[in-house]
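Listed below, chain by chain, are the residues.
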Amino acid sequence: MSDPSELDLAGLSLSRIASLAEGCTACELYEDATQVVFGDGPQSASLMLLGEQPGDQEDRAGEPFVGPAGDLLDAALIEAGVDRGEVYITNAVKHFRFEEKGKRRLHKKPTHRHVSACRPWLEAELAKVGPEVIVTLGASAAQSILGRSVRVMSDHGASVEWEQYLVVPTIHPSFVLRSSGDRARRDELFAMLVADLKRATELTSG
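**Student:** Is there a simple way to explain the side chain of Q53 in this structure?
**Tutor:** Structurally, the position occupied by Q53 is in the loop between β1 (47-51) and α2 (56-61). We classify Q53 as buried; its relative accessible area is 6%. Side-chain polar atoms of Q53 contact the backbone oxygen of K108, separated by 3.1 Å. In contact with Q53, not counting residues within four places along its chain, are N91, V93, H95, F96, R97, H107, K108 and P110.

Shown next as structure tokens:
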């Protein structure tokens, strides 16, 4: 078991860091989650997508963005002309936080404490991948690095300098899915996500 705040991750490979994360006990979320869901993608990626936390299907599969939100993200990336295989995708929180309702496990928003506990893992990913641009998907992801003053609906698509990176906030794919009952609104939000992904890609040197 490991607490990332007590580990020296600087000299380790990304695969070794991911292996250590599997034993993370920095907060209580490991007790109920199936497994850690670490980031995925090439270490040379110029674009990083940062979500909030894994969902039910991601928790079971051990991979980020493979559920319904992942399918919608894939569609948005294709529309934006972005190859998912060239993007590093991760989450601010690596364990699934949920509440049970019958046989279903429903998403429960992680707290600031959970984000802080996972922060060393994210910092290690950033150090190893070194993306030029980070796209934050949803408010929790944006606020995890830019602070609580960021507002996704008003700030989306704008580039913000943070440390040595450019950060582009946008909506989370699950937000688009939750609007599926209103086709016009869903199309509007999907177009917003696509435009923001395009904008982020344009900011990379590649």
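**Student:** Please clarify how the packing of helix α1 (residues 14-21) against helix α4 (residues 112-129) should be interpreted in this entry.
**Tutor:** Closest axis-to-axis distance for the α1/α4 pair is 10 Å, and the angle between their directions is 170 degrees. The pairing of α1 with α4 is recorded here as roughly antiparallel in orientation. Contact residues: α1 offers L14, I17, L20 and A21, while α4 offers W121, A124, E125, K128 and V129. A per-class count over the contact of α1 with α4 returns seven nonpolar, no polar and two charged.

**Student:** What am I meant to see in the state of the cysteines here?
**Tutor:** One way to say it: the disulfide is the covalent bond shared by the sulfur atoms of two cysteines. Enumeration over the complete set of coordinates arrives at zero disulfides. Unpaired in terms of disulfides, C118 finds its nearest cysteine sulfur in C24, a separation of 5.7 Å. Residue C118 is classed as buried on the basis of its relative accessible area of 5%.

**Student:** For this particular structure, what's the right way to read the pattern of salt bridges?
**Tutor:** It is possible for side chains of opposite charge to pair when their charged atoms get near one another. As enumerated under the stated definition, the model contains nine salt bridges in all. Residue R119 is joined to E123 by a salt bridge in which the shortest nitrogen-to-oxygen separation is 3.5 Å. Taken together, the residues R119 and E123, both in helix α4 and four residues apart, mark about one turn of the helix. A relative accessible area of 21% places R119 in the partly exposed class. On the accessibility criterion, E123 (44% relative accessible area) is partly exposed. The partner of E188 in a salt bridge is R185, and the shortest N-O contact between them spans 3.2 Å. Pair noted here: E188 and R185 are both in helix α8 (residues 183-203), with a separation of three residues, about one helical turn. E188 gets classed as partly exposed once you look at its relative accessible area, which sits at 44%.

**Student:** Just to check I follow, could you spell out the environment of P173 for this structure?
**Tutor:** For P173, the position within the fold is in helix α7 (residues 173-177). The class for P173 is buried, based on a relative accessible area of 0%. Along the primary structure P173 and D74 are separated by 99 residues, whereas in three dimensions their C-alpha atoms are 9.6 Å apart. Those residues in contact with P173, other than ones at most four positions away along the chain, are F65, A69, L72, L73, L137 and L193.

**Student:** Sorry if this is basic, but what is going on with the nonpolar core here?
**Tutor:** Nonpolar side chains tend to gather and get buried jointly when the protein is soluble and globular. Judged by nonpolar contacts, the single largest core of 31 residues is most densely connected at F38, W121 and I134. Those elements that place two or more of their residues in this core are α1, β1, α4, α5 (139-146) and β7 (165-170). Counting residues per element, this core draws most heavily on α4, which supplies eight residues. Residues contacting F38, with those up to four places away along its chain left out, are L14, I17, A18, A21, P64, Y88, T90, K94, W121 and E125. Membership of the second largest hydrophobic core comes to 27 residues, among which are L73, A76, V82 and A142.

Definitions and limits used
- Residues numbered from 1 in each chain as written.
- Predicted model: local features only at pLDDT ≥ 70, side-chain atom pairs only at ≥ 80, totals over all residues.
- Heavy atoms only, no water.
- Helix = DSSP H or I, 4+ residues; strand = E, 2+ residues; numbered from the N terminus.
- Buried < 20%, exposed > 50% of the residue type's maximum accessible area, 1.4 Å probe, protein only.
- Polar contact = N/O pair within 3.5 Å; in protein donor to acceptor, adjacent residues only side chain to side chain.
- Contact = heavy atoms within 4.5 Å.
- Axes fitted to C-alpha atoms, helices over the stretch in contact; angles between N-to-C directions.
- Parallel < 35°, antiparallel > 145°, perpendicular 65-115°, else oblique.
- Nonpolar A, V, L, I, M, F, W, Y, C, P; charged D, E, K, R; others polar.
- Disulfide = S-S within 2.5 Å.
- Salt bridge = Lys/Arg side-chain N within 4 Å of Asp/Glu carboxyl O.
- Core = buried A, V, L, I, M, F, W, Y, C linked by side-chain atoms within 4.5 Å.

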